Amino acid sequence: DDQIERERASQRLSGGCCALAAVYLMGKFYVANAGDSRAIIIRNGEIIPMSREFTPETERQRLQFLAFLRPELLGKEFTHLEFPRRIQPKELGKKMLYRDQNMNGWAYKKIEEDDLKFPLIYGEGKKARVMATIGVTRGLGDHDLKVFSSNIHIKPFLSCFPEVRVYDLTQYEHCPDDVLVLGTDGLWDVTNDKEVASVVMEVLTSYEPNDPCRYTMVAQELVVRSRGVLKEQGWRLANDKLGSGDDISVFVIPLGGPGNYT
C-alpha cells in the first residue's frame, strides 16, 4: 500500500483494489483477504469458509471507533453515530434508536443538532457506504479518494491489513474433488457458497479425476453462470434474476488427488 502511494504520483495512477491471496507453504494454505472477495474450501462436499468480506457493515465498530477518536476526520459533515434511518430536522428533541462504536444492540437517545449530520455509515448490504462513497473497507490504494465535492479524505478509514486464515492440508486425506475456490465479489453477489459447491461437484464429476483441465472448466462455468445470458432486460441468470454486472475472477485450486496435484 505504501508503494502504491509512492508510485501514484510518478505513474499518475489513482484508484484502488481489493486483494485476496492464497499461499501454500510447508503443508499449509495461508489465505489472506483484504476486501470483499471470498475464498472457500470444498472438502468431501463440505464448505469451509476461508475468508470474510470487509464492508461498512462488517467493520462498523472499527470505523466508528476511529471516527470517535479522531472526529476531525469527519470534516464537520458526518456523525460517527448510526441511526436506523436518516434523521429529519423536525425530529430534534425526540428520541431515536442509535448505536455507537461500543454497541452491538441499539438504545434510545435524544436527537441533537449534531445528529442531523450525514452518518459515517449509510445504507444496508451491498448498498452500505462509508461517507456515502465506498462500499469496501479494506484493500490497496485509494489514497486520493475524497467525499464528493469536498476535501474530506476517506483513506484513513480504509485498512490495507488483511485477515489471514490457515488451513492445514496434512490433517486430511484429500481427493481430486477437494478444491479451494477464490472469487471476486462479482461471483458471490449472485451465487452463494452452496450454489458454488454444487457447480464444482457437477463439473468435476463430468471429467476424469486425472484430467487437469477439469478445474479450469469449473472456474469457467462459475463465471458463465454468474454473468448469465444477455437478454433485452440485461444479463439474466437461469432463474431470470439479474446476473452479475461486476468483474468476475475465479480460481479453482485442487487440494489433492493423483499425480503431483497435492
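Rules and cut-offs
Residues numbered from 1 in each chain as written. Predicted model: local features only at pLDDT ≥ 70, side-chain atom pairs only at ≥ 80, totals over all residues. Heavy atoms only, no water. Pairing = 2+ DSSP bridges. Helix = DSSP H or I, 4+ residues; strand = E, 2+ residues; numbered from the N terminus. Axes fitted to C-alpha atoms, helices over the stretch in contact; angles between N-to-C directions. Contact = heavy atoms within 4.5 Å. Buried < 20%, exposed > 50% of the residue type's maximum accessible area, 1.4 Å probe, protein only. Arc of directions from axis to C-beta. 1 Å grid on protein atoms, 1.4 Å probe; cavity = no way out; pocket = protein on both sides within 12 Å on 5 of 7 lines; lining within 4 Å. Points joined across faces, edges and corners; volume = space filled by probe spheres on them. Nonpolar A, V, L, I, M, F, W, Y, C, P; charged D, E, K, R; others polar. Core = buried A, V, L, I, M, F, W, Y, C linked by side-chain atoms within 4.5 Å.

- In the nomenclature of an unreviewed UniProt entry, the chain corresponds to Protein phosphatase 1J from the organism Aptenodytes patagonicus.

### Examining the sheet that holds strand β17 (residues 250–254)
Consideration 1: Across the sheet, 4 strands lie side by side as β5-β4-β14-β17; this open sheet has antiparallel pairing. Only two strands of the sheet have a single neighbouring strand rather than two, namely β5 (46–49) and β17. For this sheet the average axis-to-axis angle between neighbouring strands, irrespective of direction, equals 20°.
Consideration 2: By the bridge criterion, 5 bridges tie strand β14 (residues 179–183) to β17 in an arrangement that is antiparallel. Counterpart to V179 in the pairing with β17 is P254.
Consideration 3: Along the sheet, helix α4 (residues 193–204) makes contact with β4 (38–43), β5 and β14, crossing β4 at roughly 50°.
Consideration 4: Of the strands in this sheet, β14 and β17 are in contact with helix α5 (residues 213–227), which crosses β17 at around 150°.

### Regarding helix α2 (residues 60–69)
Consideration 1: Within α2 the residues assigned to the buried category are R60, L63, Q64, L66 and A67. Along the axis of α2, the buried positions cluster into a sector of 160°, meaning they face one direction only.

### Notes on the layout of surface pockets
Consideration 1: What the largest pocket holds in volume is close to 530 Å³.
Consideration 2: Counting residues per element, the ones that place at least two in the lining of the largest pocket are β2 (19–25), β14 and α3 (185–188).
Consideration 3: Partitioned by chemical class, the residues of the lining of the largest pocket number 9 nonpolar, 7 polar and 10 charged.
Consideration 4: Computed from the structure, the second largest pocket encloses a volume of approximately 300 Å³.

### Regarding the nonpolar core
Consideration 1: Counting 19 residues, the largest nonpolar core has V181, V196, L222 and V252 as the members making the most contacts within it.
Consideration 2: The biggest single contributor to this core is α4, with 6 residues.
Consideration 3: Sequence-distant contacts of V181, defined by excluding residues within four places in its chain, comprise R38, A39, I40, I42, W188, V196, V200, L222, V250, F251 and V252.
Consideration 4: Ranked by size, the runner-up nonpolar core spans 16 residues in total, among them L73, I121, M131 and I152.

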